[in-house]
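# Architecture and fold: a report
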Amino acid sequence: TLNKSIFLIFCIRNISRRKEAEFELKEAHNELAYERDLLHTLLSEVPEYISFKNADLKFIRINNALSQLYGLNSPEEAIGKDQSDFVETEIAQKQIAEDKRILETGEPLINCEHKLVLNDQEIWLTSSKVPIRNSENEICGIINISRDTTDKKKATELLTKAKIQAEEANKL
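Figured I'd write up the structure that's included with this text. Because the structure is a prediction, the values reported are computed rather than measured.

This part covers the overall build of the protein. Tallying secondary structure elements over the protein gives four helices and five strands in all. When the helices and strands of the protein are listed from N to C terminus, the series reads α-β-β-α-α-β-β-β-α. Computed over the C-alpha atoms, the radius of gyration of the protein is 28 Å, more than 25% above the 16 Å expected from 2.2 N^0.38 for a compact globule of 172 residues. Considered along the principal axes of its C-alpha atoms, the protein spans approximately 130 × 35 × 30 Å. Within the protein, the proportion of its 172 residues that are buried is 30%. Residue pairs at least 24 apart in sequence account for 36% of intrachain contacts in the protein once pairs closer than 6 positions are excluded. Per element, the accessible surface of the protein, about 13,000 Å² overall, is 52% carbon and sulfur.

Counted under the stated rule, the structure contains one cavity of 30 Å³ or more. Computed from the structure, the largest cavity encloses a volume of approximately 130 Å³. Lining the largest cavity are 16 residues; nearest its centre among them are Y70, Q83, L125, N144 and S146. Listing elements by their share of the lining of the largest cavity, those giving two or more residues are β1 (49–54), α2 (64–69), β3 (109–118), β4 (121–133) and β5 (139–148). Here the lining of the largest cavity is composed, by residue class, of eight nonpolar, seven polar and one charged.

Look at L57: it is not a glycine, yet its phi comes out positive at around 65°. On the secondary structure map, L57 appears in the loop between β1 and β2 (59–62). Given the relative accessible area of 6%, L57 is considered buried. Of note in this structure, N119 is not a glycine but carries a positive phi near 55°. Here N119 shows up in the loop between β3 and β4.

Next up on the list: the layout of surface pockets. There is about 150 Å³ of room inside the largest pocket. Mapped onto the lining of the largest pocket, the elements with two or more residues apiece are α1 (16–45) and β2. Partitioned by chemical class, the residues of the lining of the largest pocket number five nonpolar, four polar and two charged.

Okay, the side chain of E98 next. Mapped onto the secondary structure, E98 falls in helix α3 (residues 89–105). Among the polar contacts made by the side chain of E98, one reaches the side chain of H114 at a distance of 2.8 Å.

Along the chain, the position of S51 falls in strand β1. With residues up to four places along the chain from it excluded, the contact list for S51 reads F59, R61, I62, L66, I142, I143 and N144.

With that settled, the discussion passes to the environment of G71. Position of G71 relative to the elements: it lies in the loop between α2 and α3. For G71, a relative accessible area of 59% corresponds to the exposed category. Measuring from C-alpha to C-alpha, the distance between G71 and F86 comes to 9.0 Å, with 15 residues separating the pair along the chain.

Definitions and cut-offs
- Residues numbered from 1 in each chain as written.
- Predicted model: local features only at pLDDT ≥ 70, side-chain atom pairs only at ≥ 80, totals over all residues.
- Heavy atoms only, no water.
- Helix = DSSP H or I, 4+ residues; strand = E, 2+ residues; numbered from the N terminus.
- Rg over C-alpha atoms; globule rule 2.2 N^0.38 Å.
- Buried < 20%, exposed > 50% of the residue type's maximum accessible area, 1.4 Å probe, protein only.
- Contact = heavy atoms within 4.5 Å.
- Areas by Shrake-Rupley, 256 points an atom, 1.4 Å probe, with all protein chains shown as cover.
- 1 Å grid on protein atoms, 1.4 Å probe; cavity = no way out; pocket = protein on both sides within 12 Å on 5 of 7 lines; lining within 4 Å.
- Points joined across faces, edges and corners; volume = space filled by probe spheres on them.
- Nonpolar A, V, L, I, M, F, W, Y, C, P; charged D, E, K, R; others polar.
- Polar contact = N/O pair within 3.5 Å; in protein donor to acceptor, adjacent residues only side chain to side chain.

Here it is as structure tokens:
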């Protein structure tokens, strides 16, 4: 008789793939968080001047050191601006021309010396600029890392002057 029978219905679903996907998603999230932390540390702690520009040569990110050099309250103030918003026109035009060449050729500029004048102070920088490439290997911007070499430049100039003076004194 049907009324006195007990029926059990089981539905078994294999969730192995879902669990694997959840694990992979968590791992990817952790990797992205770690990469974000590395970038944050680099941009907040490194004394070198670091900037990221898009293909229009507008700043998309700068670090704390460069923000301070430009006299900004925070790095976010530079977003959407370009070099000419911060340095003399002649210097900005030279740097923009270099950046355009990198965007066109993909060739980095390594250890190039630049002079800036900010707040009537001459500052010498050694810069390396490299293209940023997207997942399709297309150039979509530029990373610039610069180091203040003003003290080294001044010391080299003093040594050169002293050498010339010594050589002239020896001629007498």
